[in-house]
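Survey of secondary and tertiary structure
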Amino acid sequence: MRLPAILPPSMLAGLLLTMISGLSLADERTVDTAFGKVTIEGQPQRIVTLYEGALDTALAVGAHAVGAVITRGGTDVADYIKPRAGDIAIVGTPGETNLEAVIAARPDLILAAPRTSREQFELLSHIAPVVASDIPLFQPDTWKRETRLYAEALGRAGEAEDIIRRVETRAAEVAAVVEQAVQDNERDAILARWMPQGPMIMSTGIFSASLLKAAGFDIRGQSLVDEGRPHSQTLSLENLSAMNQNWIFLATLNEDGRKALDAAKASPAFARLEAVETDQVIPVDGQLWTSASGPLAALAILDEIEDAVRSRP
Amino acid sequence: MAASLLVALIFMSLLLGAGPVSITDSMLALVRQGSDEARFIIMELRVPRTLIAMTTGVALGLAGALLQSMTRNPLAEPGLLGVSAGSGFAVAVAILLGATNATLTTLVAQIGALVGCAVVIAATRVHGLGNDPVRLVLAGATLSGLLLALTSMMMLVDQRAADEIRFWIIGSVAGKTLGDLTSTLPSIILAIGIVAVVARPLAAMALGEKSAVGLGHHPGRVRFLVVLAVALLVGAATALAGPLIFVGLVVPFIARALAGPDIRRTLWYCLAVGPCVMLAADILSRLLVVPAELPLGVLTALIGAPVLLLIVRAGRMPSL
């Protein structure tokens, strides 16, 4: 068939280019998920994330998320990611998905949480391809592997490597600051949540603990945490000496950590910890430190670690 | 016998715990020897919680005995009837509004208990209900359920308050200081004073209202004083340890078994049995899940529920 003569050669070339790039967009990938291989085409444009780490990754690699779940104990996505997430539809809580809200968001890809149930997976699969992570939780490299998995599904594997490198560079920078400011034998730290009855020690495998470690801190307390759990039971006040490290990073799920710290200090058992005397108890936001994960959260946490070390008395 | 058991339990409460302190170290710490850590754990943690457990035991035991005698119902118990729930709810509201002062909390808890009492008394006046112990407990359970739902709703509003409120609801004597105790002591002493005054007319009322009037007592006034004492006692106990259920049931049950039917003797026995029950529950709460601790409210429920079943199933439902 002859091409219409009215098409000038330059337009013809443009048309060809579009077709070629269209072909590369349509490339198919298979991603290994918790429920077997899932085939995804091109770069999905309407992504619903049912896991905080997936939302973080999607935004970090430049994808467009149209729906997300609230942060644990909050009413919206976590504060640290709110500016980037913008006006995003809320489609459930970390434990419970509102299927109607997911459908209303008209996703072309759903990024689901680790530990998604098979029933849930099958329901969601009717709406769009579902990628659920089966990467073991609470390992030092969990977040990197999750970032790579979700980015692969998003067709943005290259961007994932870039941002992971950026986090690693930043961690090295912060580690240099820590090395300079804190003596070698004073870098022992513990990450805990303060409850009215006593402390919960966070696992050294959780996301923020792995960043503290990357920044040069020596994170303690793993012996108190059961295998595969994110934190210990609420310890008896009689066992508070387990928290007696040079640095205490104290997470709270509410915005004013200062108040929680005051509450903790009112307890005589807490007040006699060395870190309290040296003013090295750092109140941190539990939304960011104990719920979130992903490269953007990593950068935010590293900033806070640097601030804590730089502003120390 | 009760007294020697009490002394033994006090020693156990001071010597046993979830912390890394051996019994020998604990004994040394009691005579101001031993390691710094051990002395701190014994003097600053175990001594206050032991005293607080004993105080709440006395308060809830007396309150239960008074309520049971006044309503002539062996199941009338501050926890089951919703008096503790009323008190706990009031405290939850206070926490939500930002209260931290211990004295204020005690007062709020006592007002809540008073309102809870008033509802209970109103329920006993409903025709036909006052004579059926189990139905009264059902009414109390309804009130408790309602208040619990309202409290849960408040916890959704404010995350900061939620952590603290959750702590109140479960109940615990851990992490309390002697300051918390001293702020409730005046009202407990006042309540015990009232108990001393009403014990004799209450015993007379057990013989029937007419004979009490014949002996020169005023049942209306006595009832008012009893309600006041119960509110003061339950409010103080709740401010100290949270809304514990079943303690006010178990303590008078044992005390009555030891003392016989006279309310005056029962009240005396409650002074020894109450601390024993609370100390036993608290010691277990520390030892069962080392290095964590079980919430005290879980323990008292485990101990108390079988006693409730025992009373309800006992041949004919005894009416006091």
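Just so you know, these numbers come straight off a predicted model, no measurement behind them. (Residues numbered from 1 in each chain as written. Chains lettered and ligands numbered in written order. Predicted model: local features only at pLDDT ≥ 70, side-chain atom pairs only at ≥ 80, totals over all residues. Heavy atoms only, no water.)

**Quick look at the overall build of chain A**
Helix and strand counts for chain A come out as 13 helices and 12 strands. The 313 residues of chain A split such that 50% are buried. Of the roughly 14700 Å² of accessible surface on chain A, 51% is carried by carbon and sulfur atoms. (Helix = DSSP H or I, 4+ residues; strand = E, 2+ residues; numbered from the N terminus. Buried < 20%, exposed > 50% of the residue type's maximum accessible area, 1.4 Å probe, protein only. Areas by Shrake-Rupley, 256 points an atom, 1.4 Å probe, with all protein chains shown as cover.)

**Let's talk about the pairing of strand E11 (residues 247–252) of chain A**
Residue and element names in this part refer to chain A. Burial within E11 is extensive, with 6 of its 6 residues counted as buried. Residues of E11 alternate between two faces, with Trp247, Phe249 and Ala251 on one and Ile248, Leu250 and Thr252 on the opposite face, all of them buried. Across 5 bridges, strand E8 (residues 188–195) lies against E11 in parallel orientation. Looking across to E11, one finds that isoleucine 190 is bridged to isoleucine 248. The sheet contact formed by E11 and strand E12 (residues 281–285) spans 5 bridges and is parallel. Bridging across to E12, alanine 251 finds its partner in valine 284. (Pairing = 2+ DSSP bridges.)

**Some thoughts on the domain arrangement of chain A**
All names here are of chain A. The assigned domain composition of chain A is domain 1 (30–155) and domain 2 (170–310). Taken together, the 21 residues of domain 1 in the interface contact 20 residues of domain 2. Three residues, Tyr80, Phe138 and Trp143, lead the burial of domain 1 against domain 2; their summed loss comes to 41% of the area buried on that side. Taken together, the links from domain 1 to domain 2 amount to 0 salt bridges. (Domains from an automatic or database assignment. Contact = heavy atoms within 4.5 Å. Buried area = accessible area lost by both parts, 1.4 Å probe. Salt bridge = Lys/Arg side-chain N within 4 Å of Asp/Glu carboxyl O.)

**So, the sheet that holds strand E4 (residues 65–68) of chain A**
Hydrogen bonds between backbone atoms are what pair the strands of a sheet, whose relative direction is either parallel or antiparallel. Residue and element names in this part refer to chain A. On the basis of which strands lie adjacent, the open sheet formed by 5 strands has the order E5-E4-E3-E6-E7 and parallel pairing. Strands at the two margins of the open sheet, each flanked by one partner only, are strand E5 (89–90) and strand E7 (130–132). Examined bridge by bridge, strand E3 (residues 47–49) and E4 share 2 bridges and lie parallel to one another. Each bridged residue has a counterpart across the sheet, and for isoleucine 47 the counterpart in E4 is alanine 65.

**A few points about the packing of helix H3 (residues 36–71) of chain B against helix H12 (residues 247–259) of chain B**
All names here are of chain B. Where H3 contacts H12, the two axes come as close as 7 Å, and the packing angle between them is 75°. Relative to H12, the element H3 is oriented roughly perpendicular. Contacts between H3 and H12 pair Leu60, Gly61, Gly64, Ala65 and Gln68 from the former with Val247, Gly248, Leu249, Val251, Pro252 and Arg256 from the latter. Broken down by class, the residue content of the contact of H3 with H12 amounts to 6 nonpolar, 4 polar and 1 charged. (Axes fitted to C-alpha atoms, helices over the stretch in contact; angles between N-to-C directions. Parallel < 35°, antiparallel > 145°, perpendicular 65-115°, else oblique. Nonpolar A, V, L, I, M, F, W, Y, C, P; charged D, E, K, R; others polar.)

**A look at the confidence of the model for chain A**
In low-pLDDT regions, the fine details of the predicted coordinates are not to be read closely. All names here are of chain A. Averaged over all residues, the pLDDT of chain A is 87; the fraction at 70 or higher stands at 88%. Ranking the helices and strands of chain A by mean pLDDT puts E3 first, with 97, and helix H1 (residues 9–25) last, with 51. Counted against residues more than four places away or in other chains, residues 18–25, with its pLDDT under 50, gives 3 contacts. (pLDDT = per-residue confidence, 0-100.)

**Focus on the environment of glycine 74 of chain A**
Residues and elements named next belong to chain A. Turning to its location among the elements, glycine 74 is positioned in the loop between E4 and helix H3 (82–85). On the basis of relative accessible area, glycine 74 is assigned to the buried category, the value being 19%. For the pair glycine 74 and threonine 93, spaced 19 residues apart in the sequence, the C-alpha separation amounts to 9.1 Å.

**Overview of the pairing of strand E6 (residues 109–112) of chain A**
All names here are of chain A. Alternating positions in E6 separate into two faces, Leu109 and Leu111 on one and Ile110 and Ala112 on the other, with burial throughout. In this structure, E3 lies alongside E6, joined through 3 bridges in parallel fashion. Pairing of isoleucine 47 across the sheet is with leucine 109, part of E6. Sheet analysis places E6 next to E7, joined by 3 bridges and oriented parallel. Across the sheet, residue isoleucine 110 finds its bridge partner in E7, namely valine 130. Considered for its hand, the β-α-β crossover made up of E6, helix H5 (residues 118–125) and E7 is right-handed. (Right-handed = clockwise from strand over helix to strand, strands pointing away.)

**Concerning the packing of aromatic side chains**
Two aromatic rings are characterised by how far apart their centres lie and by the angle between their planes. Residue and element names in this part refer to chain A. Taken as a whole, this structure holds 7 aromatic pairs over all chains when the rule is applied. Ring centres of tryptophan 247 and phenylalanine 249 lie 6.4 Å apart, and the angle between their planes is 15°; on these two criteria the pair is classed as stacked. Since its relative accessible area comes to 1%, tryptophan 247 is described here as buried. Overall, phenylalanine 249 belongs to the buried group, its relative accessible area being 1%. Centre to centre, the rings of phenylalanine 249 and tryptophan 289 are 5.6 Å apart; their planes meet at 15°, and the pair counts as stacked. One end of the pair, phenylalanine 249, is in strand E11; the other, tryptophan 289, is in helix H12 (residues 286–291), and 40 residues separate them in sequence. (Phe/Tyr/Trp six-rings, centres within 6.5 Å; stacked < 30°, edge-to-face > 60°.)

**A closer look at a nonpolar patch on the surface**
Residues Leu107, Ile111, Val115 and Val119 of chain B make up a contiguous nonpolar surface patch of about 350 Å² in total accessible area. With respect to the helices and strands, the residue valine 115 of chain B is situated in helix H6 (residues 102–125). (Patch = residues over 30% accessible without salt bridge, like charges linked within 9 Å, V, L, I, M, F, W, Y side chains within 5 Å.)

**Quick word on helix H2 (residues 52–60) of chain A**
Taken across its 9 residues, H2 of chain A has 9 buried, putting it largely inside the fold. Backbone geometry just after H2 of chain A places glycine 62 of chain A at a positive phi near 85°.

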